[in-house]
Amino acid sequence: MSTPHSSSHDSSAPQGAPNSSPESLTDWLSLIERQHPVSIDLGLERVAEVAKRLGLLTGRGLARRVITVAGTNGKGSTVALLEALALAHGRSTAGYTSPHLLRYNERLRFDGVEASDEALIAGFERVEAVRLQGAPVSLTYFEVGTLAAFWSMAERYPDVAILEVGLGGRLDAVNVIDSDVAVVTTVAQDHAAFLGTDLNGIGLEKAGIMRAGRPAVLGSQALPPSVAAFATSLGARTHRLGEHFARSGNAAEWSWQGLDDTGRPLQLEAFGDPGLPLDNAATALQALALVGVKLERARCRQAFDRVSLPGRMQWLGRWCLDVAHNPHAAAYLAQRLAERPRPTRRIALLGMLGDKDAEGVIDALAPVVDAWLPVSLTGERARAATELVPLLKVRNQTVLPQAASPREGAAWLADQLGEDDEVLVCGSFFTVAEVLTWCQTKMDKPPAAVPAQRRGEGEASGQEQGLQGEGRST
């Protein structure tokens, strides 16, 4: 098993109180991104200490039932589906996800509604006060945000809390909470610097969210053997897609078979396309059944009709925005696009970070793309468009002029499109977020405010302190 990256700095060196108290959400995000020596610092010791001080590890917990979701891809979709299904069945919910696309508020939701600035600030204030009690504890941006979200959940105590793991699983801050049901969606290569490249090793890291004697839902038939083996060794009650629960049919009409929390067989039929991966929809149904929700077909259909997730096969006219940033996610995206009527031209506006497998993404998408517009990203881990061009040309792909940013590329492309052309925007949360904001402006909608601090693709700056993301999720 490959060993997760460990930082060489002294992460125990605490950061003291700020010179002045932040007032706005932007101020708080600016503060917490610079309080810790590095942006990603995997490990639970510091997080657990502050969680204990917050009272999160004793008493009634975050919610009546907690579901934690890990996986390389499909986490965000599964969380969105779980939330929609729980709400449709009359349950109150709290959801925690990363990264965000346009607003930090997207990361914490109550009953499907983004948390207000005031609610987020209250959480930050509480974590800041508690981490400085006694021996100060230094926390990363992602760790502060996670603990603040958990404190806010505990204050409200909803019926179901749905938690998305950031990076890996075993050592991720989210794993400080013992969940009632653990979900592993998929396992693929991403974040090699932290998780290694061996799929069995990556699988073990993600399986680390499981708990002895509690249900573990395995949401893919292609998981490495280490995931099920770990669940068995732990004594978790395993529910595997294709064995203990299943789906049949296609996106137009599909059915589900699974088990309730007592082991009784369930069957629900004639669902339509939820617009998200069907494996994730089947997995969400099984996980929700295991926390005691009595699934009803009509309520499930309502949830599937209403669920949406920005940046995942999101269509704005002829523009498709998808945050796919690794080969596994790109292959699924290509499969879905291949099911659609082929346009005259499909042009991919591609912008990627430097630590992502651009060659693998291009190879996966090439069969459904006619031309490419490479764009540059900015920041610590950015990749320039000039670095994408040779990767495309060596594969005999048609390359359009490069652009200095996703927004510039989108503006140029909008003037070049034929009547039957389509645009695919992909490669990074950063790419999709910038083009999504541009689209909102172009369509005469007020652009959503984008805090200066965005985290993205593994929370690098949580983990570039920027859109936390890419591999924190899809």
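What counts and how
- Residues numbered from 1 in each chain as written.
- Predicted model: local features only at pLDDT ≥ 70, side-chain atom pairs only at ≥ 80, totals over all residues.
- Heavy atoms only, no water.
- Helix = DSSP H or I, 4+ residues; strand = E, 2+ residues; numbered from the N terminus.
- Buried < 20%, exposed > 50% of the residue type's maximum accessible area, 1.4 Å probe, protein only.
- Areas by Shrake-Rupley, 256 points an atom, 1.4 Å probe, with all protein chains shown as cover.
- Pairing = 2+ DSSP bridges.
- Arc of directions from axis to C-beta.
- Contact = heavy atoms within 4.5 Å.
- Core = buried A, V, L, I, M, F, W, Y, C linked by side-chain atoms within 4.5 Å.
- Axes fitted to C-alpha atoms, helices over the stretch in contact; angles between N-to-C directions.
- Left-handed = near helix turned anticlockwise from the far one by under 90°.
- Salt bridge = Lys/Arg side-chain N within 4 Å of Asp/Glu carboxyl O.

1. Comments concerning the overall build of the protein
Right, on to step 1. Along the protein, the regular secondary structure elements total 15 helices and 16 strands.
Right, on to step 2. The buried share of the protein, reckoned over its 474 residues, is 60%.
Right, on to step 3. Put simply, the protein shows about 17,800 Å² of open surface, and 47% of that area lies on carbon and sulfur atoms.

2. Details of the pairing of strand 2 (residues 93–96)
Successive side chains on a regular strand alternate, one facing one side of the sheet and the next facing the other.
Right, on to step 1. Burial of the side chains of strand 2 extends over both faces: Thr 93 and Gly 95 are buried on one face and Ala 94 and Tyr 96 on the other.
Right, on to step 2. Note that strand 2 and strand 5 (residues 160–164) share four bridges and pair parallel. Among the inter-strand pairings, Ala 94 is bridged to a residue of strand 5, identified as Ala 161.
Right, on to step 3. Direction of pairing for strand 2 relative to strand 3 (residues 108–110): antiparallel, over a ladder of three bridges.

3. Regarding helix 14 (residues 406–414)
Right, on to step 1. Where helix 14 is concerned, the buried positions are Pro 406, Gly 409, Ala 410 and Leu 413. All buried residues of helix 14 fall inside an arc of 100° around its axis, so they share one side.
Right, on to step 2. The secondary structure elements touched by the buried residues of helix 14 are strand 13 (319–321), strand 14 (345–350), strand 15 (371–374), strand 16 (421–426) and helix 15 (429–442).

4. Description of the sheet that holds strand 6 (residues 181–184)
Whether parallel or antiparallel, the strands of a sheet pair through hydrogen bonds between backbone atoms.
Right, on to step 1. Strand order in the open sheet formed by eight strands is 4-3-2-5-1-6-7-8, and the pairing between neighbours is mixed. Since the sheet does not close on itself, it has two edges, and those belong to strand 4 (113–114) and strand 8 (237–240), each with one partner.
Right, on to step 2. Across five bridges, strand 1 (residues 65–70) lies against strand 5 in parallel orientation. Bridge assignment links Arg 65 to a residue of strand 5, and that residue is Val 160.

5. Some thoughts on helix 10 (residues 297–306)
Think of an α-helix as 3.6 residues a turn; residues three or four steps apart then line up on the same face.
Right, on to step 1. Every buried residue of helix 10 is listed here: Cys 300, Ala 303 and Phe 304. Buried positions in helix 10, seen along its axis, are confined to an arc of 95° and lie on one side of it. Facing away from the buried side of helix 10, by more than 90 degrees, are the exposed residues Ala 298, Asp 305 and Arg 306.
Right, on to step 2. Structurally, helix 10 contributes buried residues whose contacts are with helix 3 (75–88), strand 10 (253–259), strand 11 (265–271) and helix 9 (278–290).

6. Re the nonpolar core
Right, on to step 1. Of all hydrophobic cores here, the largest spans 59 residues; its most connected members are Leu 62, Phe 124, Leu 147, Phe 150, Met 153, Leu 163 and Met 210.
Right, on to step 2. Looking at this core element by element, the count peaks at ten residues for helix 5 (residues 141–156).
Right, on to step 3. When residues no more than four places from it in sequence are discounted, the contact partners of Leu 62 are Leu 56, Phe 150, Met 153, Ala 154, Tyr 157, Pro 158, Leu 163 and Ile 177.
Right, on to step 4. Ala 84, Val 181, Leu 278 and Ala 284 belong to the second largest nonpolar core, which has 40 residues in total.

7. Concerning the packing of helix 1 (residues 25–33) against helix 4 (residues 117–131)
Right, on to step 1. Direction vectors running N to C along helix 1 and helix 4 enclose 35°, while the axes themselves pass 10 Å from each other. The handedness of the crossing between helix 1 and helix 4 comes out as left-handed. Residues Leu 25, Trp 28, Leu 29 and Ile 32 of helix 1 form the contact with helix 4, whose own contacting residues are Asp 117, Leu 120, Ile 121, Phe 124, Glu 125 and Glu 128.

8. Describing the sheet that holds strand 9 (residues 246–250)
Right, on to step 1. Across the sheet, three strands lie side by side as 9-10-11; this open sheet has antiparallel pairing. For this open sheet the edge positions go to strand 9 and strand 11, each flanked by a neighbour on one side alone. Here the strands of the sheet are splayed against their neighbours by 10° on average, with no regard to which way each runs.
Right, on to step 2. In this sheet, strand 11 lies alongside strand 10 in antiparallel orientation, the contact comprising five bridges. Bridge pairing in strand 11 places Leu 259 opposite Pro 265.
Right, on to step 3. In this fold helix 9 packs onto strand 9, strand 10 and strand 11, with an angle of close to 35° to the strand it touches most, strand 10.
Right, on to step 4. Sheet strands in contact with helix 10 are strand 10 and strand 11, and its direction is about 50° off that of strand 11.

9. So, the pattern of salt bridges
Right, on to step 1. Summed over all chains, the structure comprises 23 salt bridges.
Right, on to step 2. The closest approach of N and O atoms between Glu 128 and Arg 131, which form a salt bridge, is 2.9 Å. Taken together, the residues Glu 128 and Arg 131, both in helix 4 and three residues apart, mark about one turn of the helix. Here Glu 128 matches Arg 131 in class, with each residue buried.

Take it as geometry only, folks, not as evidence of what the structure does.
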